[in-house]
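Each chain, letter by letter, is given below.
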Amino acid sequence: MRIDVLTLFPEMFEPVLGASICGRARAAGLVDWHITNIRDFADNKHAKVDDRPFGGGPGMVMMCQPVWDAVQAVEALDARRARRIVLTPQGRPFTQAIAEELSRDERVLLVAGHYEGIDERVIEAIEPLEISVGDFVLSGGELPAMLMIDAIVRLLPGALGHQDSAAEDSFMPRGPAGQRLLDCPHYTRPREWQGRPVPEVLISGDHGAVERWRAEQMLARTKARRPDLLDP
Ligand code: 9D3
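Bear in mind that the values here come from a model prediction, so they are computed numbers and not experimental data.

Q: Can you tell me about the site of the ligand, naming the residues and giving the values?
A: As a structural note, the neighbourhood of the ligand is formed by 17 residues, with E116, V133, G134, F136 and L138 the closest of them. V133 places a polar main-chain atom, nitrogen or oxygen, 3.0 Å from a nitrogen atom of the ligand. Taken by itself the ligand offers 570 Å² of open surface, and the protein chains cover 76% of this. Taken together, the elements giving at least two residues each to the shell around the ligand come down to β5 (83-93) and β8 (129-132). The dominant element in the shell around the ligand, judged by the number of residues it contributes, is β5, at 4 residues. Within the shell around the ligand, the residues separate by chemical class into 9 nonpolar, 7 polar and 1 charged.

Q: Summarise helix α2 (residues 20-27); cite the residues concerned and give the values.
A: The complete set of buried residues in α2 reads I21, C22, G23 and A25. Looking at the packing, one finds that the buried side of α2 touches α1 (13-17), β2 (32-37) and α6 (142-153). Once α2 ends, the next one or two residues include G29, with phi positive near 80°.

Q: Break down a nonpolar patch on the surface for me, citing the residues and quoting the values.
A: A contiguous nonpolar surface patch, about 300 Å² in accessible area, is contributed by F136, L138 and L143. Mapped onto the fold, L138 is located in the loop between β8 and α6. For L138, a relative accessible area of 41% translates into the label partly exposed.

Q: Explain the pairing of β5 to me, using residue names and the numbers behind them.
A: In terms of strand pairing, β5 meets strand β6 (residues 107-112) through 5 bridges, oriented parallel. Residue pairing across strands places R83 opposite V108, the latter belonging to β6. One crossover worth recording links β5 to the parallel β6 by way of helix α4 (residues 96-102), and it is right-handed. Where β5 lies against β8, 5 bridges are found, and the strand directions are parallel. Bridge assignment links L87 to a residue of β8, and that residue is I131.

Q: Tell me about the sheet that holds strand β3 (residues 50-51), residues and numbers included.
A: Neighbouring strands of a sheet are bound in pairs by backbone hydrogen bonds; such pairs are parallel or else antiparallel. Strand order across the open sheet formed by 3 strands is β3-β4-β7, with mixed pairing between neighbours. Each edge of the sheet is formed by a strand with only one pairing partner; in this case those strands are β3 and β7 (117-118). For strand β4 (residues 61-62) and β7, the ladder comprises 2 bridges, and the chain directions are parallel. Within the sheet, the bridge partner assigned to M62 lies in β7 and is I118.

Q: Explain unusual backbone geometry residue by residue, including any values.
A: Of note, the bond from R189 into P190 is cis; its omega dihedral lies within 30 degrees of zero at 0°. Tracing the sequence through the fold places P190 in the loop between α6 and β9 (192-193). Look at Y115: it is not a glycine, yet its phi comes out positive at around 60°. The partly exposed category is assigned to Y115, whose relative accessible area is 34%. A positive phi angle, close to 50°, is found at Q194, a residue other than glycine. Summarising the element assignment, Q194 is placed in the loop between β9 and β10 (196-197).

Q: Residue-level account of the environment of P128, with values.
A: Residue placement: P128 occurs in the loop between α5 (120-126) and β8. Looking at P128, the relative accessible area reads 18%, which means it is buried. Filtering out sequence-adjacent residues up to four positions away, P128 remains in contact with R84, I85, V86 and I123.

Q: An account of the pattern of salt bridges is needed here, citing residue identities and associated values.
A: Taken as a whole and assessed by the stated rule, the structure comprises 11 salt bridges. Of the charged contacts, one joins E14 and R26 as a salt bridge, the two residues approaching to 2.7 Å between their closest N and O atoms. Of the two residues, E14 sits in helix α1 while R26 sits in helix α2, which places them 12 residues apart along the sequence. Salt-bridge contacts for D78 lead to R80; the nearest nitrogen and oxygen are separated by 2.8 Å. With relative accessibility at 31%, the residue R80 sits in the partly exposed group. Linked through salt bridges whose partners overlap, the residues forming this network are R2, D4 and R107.

Calculation rules
- Residues numbered from 1 in each chain as written.
- Predicted model: local features only at pLDDT ≥ 70, side-chain atom pairs only at ≥ 80, totals over all residues.
- Heavy atoms only, no water.
- Near = heavy atom within 4 Å.
- Polar contact = N/O pair within 3.5 Å; in protein donor to acceptor, adjacent residues only side chain to side chain.
- Areas by Shrake-Rupley, 256 points an atom, 1.4 Å probe, with all protein chains shown as cover.
- Helix = DSSP H or I, 4+ residues; strand = E, 2+ residues; numbered from the N terminus.
- Nonpolar A, V, L, I, M, F, W, Y, C, P; charged D, E, K, R; others polar.
- Buried < 20%, exposed > 50% of the residue type's maximum accessible area, 1.4 Å probe, protein only.
- Contact = heavy atoms within 4.5 Å.
- Patch = residues over 30% accessible without salt bridge, like charges linked within 9 Å, V, L, I, M, F, W, Y side chains within 5 Å.
- Salt bridge = Lys/Arg side-chain N within 4 Å of Asp/Glu carboxyl O.
- Pairing = 2+ DSSP bridges.
- Right-handed = clockwise from strand over helix to strand, strands pointing away.

In C-alpha cells, the structure reads:
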C-alpha cells in the first residue's frame, strides 16, 4: 500500500509513523508513506498558501491552487488510482469499518487542512471522502491523518505479530446480538498491589468461570460507558 499525505506540517509525521507497528510494517515492505508539503506548490514568491475568507470572519482559508497542484503532482508519481480523503471537522465520523475498507485499497491520499479550513471549491474538485475523527476541536488534520494511518496499517496482513491478531475483526468482543463490546479489565502479577487483589475468579483455574466473568464485565462496562454501542 502507498499512502500520500499533503500537509503544511510535514515534519510532524515521521516521528509518529516511524515508531511501533507502522514503522515495523514499513520495514517489512507492507506500506510506504510519502509526506508532501503543500507550501512547495505555492505559486507566489512568499509561499503564501492561505488567504482571508470572503464574507469576513476570523482566521485564514487554505487556497485552492496549491492544494490542487499538490494533489495532481503527487498522484502522477504512481500509476495506481488513489482513494482521496480530506480530514475536516465537517467529515463523516471515522470508524473501524472505514479503516477496514481503506486497508483493502492499494493507494490512499490524505489531505490535512490547517487554519479555519480549505476553500470549498478545491474540496469539490478533489471529490474526496471527508472524514472527522471525533467531536472535539484540533488545530489541524495532521493528527487525524496519523490516527487514520495507524488504524489502517495495523490491519494490513502481516502487520501484527501472531499473538496480536486477536485484535482482528472476527476476534473482537461481541454482545448477545453481535454488537461490538468494550473489552474486559486485564490483570497481571503481582496478585495483590497496594492492597488491591486480582479478582478471585481469574486465579481459580476454572476456565469456564473466567470466560463467563469476562463476558459479564464486557457487557456491564459497555452498558455503563457506551450504551450507544448496544442500541444505536
Ligand atoms: C468554528 C469553526 N471550527 C470548525 C469546527 C473551525 C475549525 C476548527 C479546527 C477548523 C479547522 C480545525 C482543524 N481541525 C481539523 O482540521 C480536523 C479535525 C478536528 O478538529 N476534529 C476532529 N477531526 C478532525 S479532522 C480534521
